[in-house]
Amino acid sequence: MPQRGLACDMVVFGGTGDLAMRKLLPALYYLHRDRHLNPDTRILALARARHEPEAYRTLVKRRISQYLPQGDFDEQVWEAFATRLDYLSLDVSQRVAFPRLAKALGESPGRVRVFYLATMPELFASTAKYLASVGLADDQARIVLEKPLGQSLETANQINDQIGSVFDESRVFRIDHYLGKEAVQNLLALRFGNALFEPLWRNAHIDHVQISVLETVGVENRGDYYDKAGAIRDMVQNHLLQLLCLVAMEAPVHFEPEAVRNEKLKILEALRPITGMDVQDHTVRGQYSEGSRAGEKLPAYYFEKSVDHDSNTETFVALKAEIDSWRWAGVPFYLRTGKATAQRKSEIVIQFKAVPHRLFPQKGDDPAGNRLVIRLQPDESIQLSLAAKSPGRGMTLQQVELDLNFAKAFKRRRWDAYERLLLDVIEGDATLFMRRDEIEAAWRWVDPIILGWQNCYRSPKRYAAGSWGPEAADSLLERQGHYWLDERSR
Ligand code: BG6
């Protein structure tokens, strides 16, 4: 029987929004179903919309029964879950709303309270202040902030300062849902739970690393937000850099918040700045134009809802990052992310160096060298390519794969990232959350890239929706004698 977490009040700001409906409430439903929530835990959703609690519950029921995989929605489980769920119609941009919130939560000294801000970041600072003004920011209160945290180092600092004046760092949980993914934690297991790779995990043996997070979807109905953010702020500053940290960091002394985050921070601080003219040489930005996938026409980015027709926002970024450290000097880390691409996949490829002296001919033009492919989604797997003798006469080698598929290896349902992360917040475990200095270091590295793009006045390179991104992203690697190891090359 799983252990039940601490009793808490989970207060979800933005309770009618997409994140709450698609991710947070389904995650809480599963946690409830699988008995990870204390029987005394309550969920209070807040939003401006005027719903009676019962009408809100009906709405949530409809939405989550749509999002959950077939068979996972159970009427009886729902009935019990619904008794935990309450709703309050509040305009949280107004201080006067907060006494009502305090009243709804009631006096319960010592009770853990989680304030999950699934709202616009513009509301983060005032919300924290208003919570404090009604005595809700006490020692047991935790605040969860969704990305994007600011638009730059400066704006992120402003938000962090304001939040920090109310909640001390140990009670601030900055979420990066990539860190909650089972597959991402598996990367830590692979690296630090096995002795096999560690001796090879360095520049003496690794030729280069590729990290790709590609999506087939466009900006969907988030044009308003996305057009101001672009792929670099939406994906690179957080998810991709976090993945890079997990690939590159040293083994922490303990699997505990400060130990893990200290190691990630060292990597962010060791990233070689990309500034001035280097921005053009080391980065590529793209924007999707009209295209198609499997015969279906796809619209151009600038025709998406709430996107400016003259938009210069990038929906694709490829770049070459370098880490100035003994372990990684000379190893390029190629990062790439894009919307409306040919395939949905998040993958880390570790390309090892070729053998120092070739004895055998190699079949095809595959680079001779082992390759570890850690696929995070859609199917979680680890593949290790090895050179094997091709059957028949002679000694011609060919790369073949050892393939570990996690869905086959573990029959149990894989948790969604938010389930794990919500439970960690309730337990007060910040290991998988970003510390303030990590956010700052990431912005410090990303800001000059954005500045370089602004200063050169070049529009993003167009790529057809449904393709693999702009050609320039391929040239970026070809200039180094590399190429993207995706379906085009396999
Ligand atoms: C979010 C971005 O953080 O991550 C979205 O804002 C993106 O633009 C999403 O689509 C991708 O997450 P996942 O879990 O689907 O890979």
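First, a word on what this report is: a plain description of the structure on this page. (Residues numbered from 1 in each chain as written. Predicted model: local features only at pLDDT ≥ 70, side-chain atom pairs only at ≥ 80, totals over all residues. Heavy atoms only, no water.)

Here we look at the overall build of the protein chain
- Helices and strands together make up the secondary structure of the protein chain, namely 14 helices and 17 strands.
- Projecting the C-alpha coordinates of the protein chain onto the three principal axes gives extents of approximately 80 × 55 × 50 Å.
- The 490 residues of the protein chain split such that 54% are buried.
- Of the contacts made within the protein chain by residues no fewer than 6 positions apart, 78% connect residues no fewer than 24 positions apart.
- A total accessible area of about 22200 Å² is found for the protein chain, and carbon and sulfur atoms account for 51% of it.
- One finds the centroid of the 65 positive side-chain charges in the protein chain at a distance of 2 Å from the centroid of its 66 negative side-chain charges. (Helix = DSSP H or I, 4+ residues; strand = E, 2+ residues; numbered from the N terminus. Buried < 20%, exposed > 50% of the residue type's maximum accessible area, 1.4 Å probe, protein only. Contact = heavy atoms within 4.5 Å. Areas by Shrake-Rupley, 256 points an atom, 1.4 Å probe, with all protein chains shown as cover. Lys, Arg positive; Asp, Glu negative; His and termini not counted. Charge placed at Lys NZ, Arg CZ, Asp CG, Glu CD.)

Description of the site of the ligand
- Taken together, the neighbourhood of the ligand is formed by Lys147, His177, Tyr178, Lys181, Glu215, Arg222, Asp234, Met235, His239, Lys339 and Gln377.
- A distance of 2.6 Å is found between an oxygen atom of the ligand and a side-chain nitrogen or oxygen belonging to Lys147.
- Contact distances for the ligand include 2.8 Å between an oxygen atom and a side-chain N or O atom of Lys339.
- About the coverage of the ligand: the protein hides 81% of its 400 Å² of free accessible area.
- Broken down by element, the residue count for the shell around the ligand peaks at 3 residues, all from helix α8 (residues 223-248).
- Residue composition of the shell around the ligand, by class: 2 nonpolar, 3 polar and 6 charged. (Near = heavy atom within 4 Å. Polar contact = N/O pair within 3.5 Å; in protein donor to acceptor, adjacent residues only side chain to side chain. Nonpolar A, V, L, I, M, F, W, Y, C, P; charged D, E, K, R; others polar.)

Some words on the nonpolar core
- Within the largest apolar cluster, 155 residues are counted, with the highest numbers of intra-cluster contacts made by Phe13, Leu25, Leu101, Phe333 and Leu372.
- Broken down by element, the residue count for this core peaks at 13 residues, all from α8.
- Not counting residues within four places of it along the chain, the set of residues in contact with Phe13 comprises Leu46, Val92, Phe98, Leu101, Phe115, Tyr116, Leu117, Ala118, Thr119, Thr127 and Leu131. (Core = buried A, V, L, I, M, F, W, Y, C linked by side-chain atoms within 4.5 Å.)

Considerations on the packing of aromatic side chains
- As enumerated under the stated definition, the model contains 20 aromatic pairs in all.
- Aromatic pair Phe406 and Phe410: ring centres 6.3 Å apart, planes at 5°, arrangement stacked.
- On the basis of relative accessible area, Phe410 is assigned to the partly exposed category, the value being 36%.
- Members of the aromatic cluster, each reached through a chain of ring pairs, are Tyr225, Tyr226, Tyr288, Tyr301, Phe316 and Tyr463.
- Directly above the ring of Tyr178 sits Lys181, whose terminal nitrogen or CZ lies 4.7 Å from the centroid.
- Above the ring of Tyr30, the side-chain terminus of Arg413 is found at 3.8 Å from the ring centroid. (Phe/Tyr/Trp six-rings, centres within 6.5 Å; stacked < 30°, edge-to-face > 60°. Lys NZ or Arg CZ within 6 Å of the ring centre and 35° of its normal.)

Observations regarding the sheet that holds strand β16 (residues 397-405)
- If you walk across this open sheet you meet the 9 strands as β16-β15-β14-β13-β7-β12-β11-β8-β17, and the pairing is mixed. Sheet topology places β16 and β17 (461-464) at the edges, where each strand pairs with a single neighbour. Direction aside, the axes of adjacent strands within the sheet are offset by 20° on average.
- Summarising the sheet, strand β8 (residues 283-289) and strand β11 (residues 316-321) pair through 4 bridges and their orientation is antiparallel. Residue pairing for β11: Arg285 is matched across the bridge by Val317.
- Relative to the sheet, helix α13 (residues 436-456) contacts β8 and β11, its axis offset from that of β11 by approximately 120°.
- Where helix α14 (residues 471-478) meets the sheet, it contacts β7 (206-214), β8, β11, β12 (333-338) and β17, and its direction lies at approximately 10° from that of β11. (Pairing = 2+ DSSP bridges. Axes fitted to C-alpha atoms, helices over the stretch in contact; angles between N-to-C directions.)

A word on the environment of Arg435
- Here Arg435 shows up in the loop between α12 (417-427) and α13.
- Through-space distance from the C-alpha of Arg435 to that of Val219 is 28 Å; in sequence the pair is 216 residues apart.
- Not counting chain neighbours up to four residues away, the residues in contact with Arg435 comprise Glu169, Arg174, Glu258, Arg261, Asn262 and Leu265.

Some details on helix α7 (residues 182-192)
- Here α7 lies mainly inside the structure; 8 of its 11 residues are buried.
- Ala183, Val184, Gln185, Asn186, Leu187, Leu188, Leu190 and Arg191 are the residues of α7 that are buried.
- The secondary structure elements touched by the buried residues of α7 are α8, β13 (345-352), β14 (371-377), β15 (381-389), α11 (406-409) and α12.

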